[in-house]
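Below, each chain spelled out in residue letters.
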Amino acid sequence: MTAPRIYQHKVPEGVDWQPMDLFAYGDGVLPMAAEIDDIDIRIFKSIDRGVVHEFLALSPGNGATGPFFDAPVLDAGWKLGAPGYNFKYRIQMAVLEAASVVIEAGQRYRVEITLNGTNEGRIISIHEYHVQAVYGHP
């Protein structure tokens, strides 16, 4: 298993999170959606490392429509330049709120994305979100 990349994000309170990543095997070859059994996404509160929500056994999709793509995608959401990303998922605040998860302004959260069952076992990506308070937000 290769060491996970860690991405840092600052997001306004109440805005959906959209982690994107370019997953690759240790030799730089990109995995295909068919090589992935499933995807787990866990959200931790950074201070106490307790899991606040999980999306488990998500389908990688068909390789063309996401959340996992067989060819890298480059669009306005990707800030790191070419070749682009091969994973994109929207974590909706409304879904978290419906599950009684409170995402607090001023706090830091860690999102761990795990590709399970690849040719190299698990591949992990980490996204750290610092939630910024928005003036006038309830």
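Relevant structure appears above.
Source: prediction; values computed, not measured. (Residues numbered from 1 in each chain as written. Predicted model: local features only at pLDDT ≥ 70, side-chain atom pairs only at ≥ 80, totals over all residues. Heavy atoms only, no water.)

Draft legend 1. Focus on the overall build of the protein. Within the protein, the secondary structure is distributed over one helix and eight strands. Counting from the amino terminus, helix and strand elements in the protein follow one another as β-β-β-β-β-β-α-β-β. Computed over C-alpha atoms, the radius of gyration of the protein comes to 15 Å, within 12% of the 14 Å expected from 2.2 N^0.38 for 138 residues, which places it in the range of a compact globule. With respect to the principal axes defined by its C-alpha atoms, the protein has extents near 45 × 30 × 25 Å. The 138 residues of the protein split such that 41% are buried. (Helix = DSSP H or I, 4+ residues; strand = E, 2+ residues; numbered from the N terminus. Rg over C-alpha atoms; globule rule 2.2 N^0.38 Å. Buried < 20%, exposed > 50% of the residue type's maximum accessible area, 1.4 Å probe, protein only.)

Draft legend 2. Highlighting the packing of aromatic side chains. All told, the structure shown has seven aromatic pairs when counted by the stated rule. Aromatic side chains W17 and Y129 sit 4.4 Å apart centroid to centroid with 5° between the ring planes, which places their arrangement in the stacked category. With W17 in the loop between β1 (5–12) and β2 (20–21) and Y129 in strand β8 (residues 121–132), this pair connects stretches of sequence that are 112 residues apart. In terms of burial, W17 and Y129 fall into one category: buried. Put simply, the rings of W17, Y109 and Y129 touch in pairs and so form one group of aromatic residues. (Phe/Tyr/Trp six-rings, centres within 6.5 Å; stacked < 30°, edge-to-face > 60°.)

Draft legend 3. Region of interest: the sheet that holds β2. Spatially, the three strands line up as an open sheet ordered β2-β6-β5, and their pairing is antiparallel. The open sheet is flanked by β2 and β5 (68–73), the only strands paired with a single partner. Pairing of β5 with strand β6 (residues 85–88), which is carried by two bridges, proceeds in the antiparallel orientation. Directly across from F68, in β6, lies its bridge partner F87. (Pairing = 2+ DSSP bridges.)

Draft legend 4. Region of the structure containing the environment of E35. Relative to the elements of secondary structure, E35 occurs in the loop between β2 and β3 (38–45). Taking the C-alpha atoms as reference, E35 lies 31 Å from S46; in sequence the two are eleven residues apart. For E35, the contacting residues outside a window of four places in its chain are Y25, G117, T118 and N119. There is a polar contact of 2.7 Å between the side chain of E35 and the side chain of Y25. (Contact = heavy atoms within 4.5 Å. Polar contact = N/O pair within 3.5 Å; in protein donor to acceptor, adjacent residues only side chain to side chain.)

Draft legend 5. Geometry of the layout of surface pockets. One number sums up the size of the largest pocket: a volume of about 350 Å³. Surrounding the largest pocket, 18 residues form its lining, H9, Q18, M20, G77 and K79 being those nearest its centre. Only β1 and β8 provide two or more residues apiece to the lining of the largest pocket. No other element matches the six residues that β1 contributes to the lining of the largest pocket. A per-class count over the lining of the largest pocket returns ten nonpolar, five polar and three charged. (1 Å grid on protein atoms, 1.4 Å probe; cavity = no way out; pocket = protein on both sides within 12 Å on 5 of 7 lines; lining within 4 Å. Points joined across faces, edges and corners; volume = space filled by probe spheres on them. Nonpolar A, V, L, I, M, F, W, Y, C, P; charged D, E, K, R; others polar.)

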